[in-house]
Amino acid sequence: MKKCDYTLIRSRRRSISVEITPDLTVLVRAPLRCPLSEINAFVDRHREWIARHMDRQRQHLENHPEPSAEKERILRERAAALIPARVAFYAGKMGLSPAGISITGAKTRFGSCSGKNRLSFSWRLADYPDEAIDAVVVHELAHIVHKNHGPDFYALVESVLPDYRERIKLLSD
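Residues numbered from 1 in each chain as written. Predicted model: local features only at pLDDT ≥ 70, side-chain atom pairs only at ≥ 80, totals over all residues. Heavy atoms only, no water.

So, about the sheet that holds strand E4 (residues 100-104). A sheet is described by the order of its strands in space; here three strands give the open sequence E4-E6-E5, paired in mixed fashion. Looking at the sheet topology across the chains shown, the edges are occupied by E4 and strand E5 (111-113). Neighbouring strand axes in the sheet, compared pairwise and without regard to direction, differ in orientation by 15° on average. Relative to strand E6 (residues 118-122), E4 runs parallel, the two being bridged by five bridges. Residue pairing across strands places Thr104 opposite Ser122, the latter belonging to E6. Contacting E4 and E6, helix H3 (residues 69-94) crosses the sheet at an angle of about 150° to E4. The sheet contacts of helix H4 (residues 130-145) involve E5 and E6, and relative to E5 the element is tilted by about 15°. (Pairing = 2+ DSSP bridges. Helix = DSSP H or I, 4+ residues; strand = E, 2+ residues; numbered from the N terminus. Axes fitted to C-alpha atoms, helices over the stretch in contact; angles between N-to-C directions. Contact = heavy atoms within 4.5 Å.)

Here's what the structure looks like:
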């Protein structure tokens, strides 16, 4: 396998990390004083992981290209109509009350739950099957009770959607 080109960002962190950005850039983060030889060795050790995730990201971009203005408008309308209704349905089922719901243009995450229990969902989620949308909705609602991804969090999610793990896989095509 050939040498991997990457973008290096140094900061006051303690460890080295690698990520694949949505535009297929290999981004390596490293401590300020970390020797370049150590960074290169880290990247070399993770070549297979990098190649696998580059392929996965390439496939994702093929399956979900940046939408045209018209498709974005349609997805925004679908998200605005569908997601609040799904939140209301599952919130009632789970006995929870989010502080609010917003539809955003987030590109890197489908949903989030703030510390004040406000839920946000990307309109991009509307491009996926309803089963996947419900999985994200239940996931974010569960964060009202559990602000982490521990065993209790997943027990709550799976008590509502026993097939949660299969549904969430629909988001990673």
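Moving on to the environment of Glu140. Within the element layout of this structure, Glu140 appears in helix H4. Once the C-alpha coordinates of Glu140 and Val160 are considered, the two residues, 20 residues apart in sequence, prove to be 12 Å apart. Leaving out residues up to four positions away in the same chain, Glu140 has contacts with Gly111, Ser112, Cys113, Leu119 and Phe121.

Within the largest apolar cluster, 31 residues are counted, with the highest numbers of intra-cluster contacts made by Ile83, Phe121, Val137 and Leu141. Among the elements of the structure, H3, E6, H4 and helix H5 (151-160) are those that each provide at least two residues to this core. The leading source of residues in this core is H4, at nine residues. When sequence neighbours within four positions are dropped, the list of residues in contact with Phe121 reads Ile83, Val87, Ile101, Ser102, Ile103, Thr104, Phe110, Gly111, Val136, Val137 and Glu140. With 13 residues, the next largest nonpolar core counts Ile20, Val26, Ala30 and Phe42 among its residues. (Core = buried A, V, L, I, M, F, W, Y, C linked by side-chain atoms within 4.5 Å. Buried < 20%, exposed > 50% of the residue type's maximum accessible area, 1.4 Å probe, protein only.)

Another point: the packing of aromatic side chains. Each aromatic ring pair is characterised by the separation of its centres together with the angle its planes make. All told, the structure shown has four aromatic pairs when counted by the stated rule. Measuring from ring centre to ring centre gives 4.9 Å for Phe153 and Tyr154, while their planes differ by 85°; the resulting arrangement is edge-to-face. Taking the relative accessible area as the measure of exposure, Phe153 reaches 0% and is therefore buried. Residue Tyr154 is classed as partly exposed on the basis of its relative accessible area of 22%. Through a chain of ring-to-ring contacts, the aromatic side chains of Phe153, Tyr154 and Tyr164 assemble into a single cluster. (Phe/Tyr/Trp six-rings, centres within 6.5 Å; stacked < 30°, edge-to-face > 60°.)

Orientation of H4 relative to H5, taken along the N-to-C sense of each, is 135°, at an axis distance of 9 Å. Relative to H5, the element H4 lies oblique. The crossing of H4 and H5 is right-handed. Along the contact surface, H4 presents Val138, His139, Ala142, His143 and Val145, while H5 presents Phe153, Tyr154, Leu156, Val157 and Val160. Residues that form the contact of H4 with H5 fall into these classes: eight nonpolar, two polar and no charged. (Parallel < 35°, antiparallel > 145°, perpendicular 65-115°, else oblique. Left-handed = near helix turned anticlockwise from the far one by under 90°. Nonpolar A, V, L, I, M, F, W, Y, C, P; charged D, E, K, R; others polar.)

Tallied over the entire structure, the rule returns 13 salt bridges. Ionic pairing is found between Glu19 and Arg29, a salt bridge with its closest N-O pair at 3.4 Å. With a gap of 10 residues between them, Glu19 in strand E2 (residues 17-20) and Arg29 in strand E3 (residues 26-31) connect regions that are remote in the sequence. Looking at Glu19, the relative accessible area reads 33%, which means it is partly exposed. Close ionic contact of Glu72 with Arg76 constitutes a salt bridge, the shortest N to O distance being 2.9 Å. One end of the pair is Glu72 and the other is Arg76, both in helix H3 and four residues apart, which spans about a single turn. Judged by its relative accessible area of 36%, Arg76 falls in the partly exposed class. Residues participating in the shared-partner salt-bridge network are Arg86, Asp134, Asp163 and Arg167. (Salt bridge = Lys/Arg side-chain N within 4 Å of Asp/Glu carboxyl O.)

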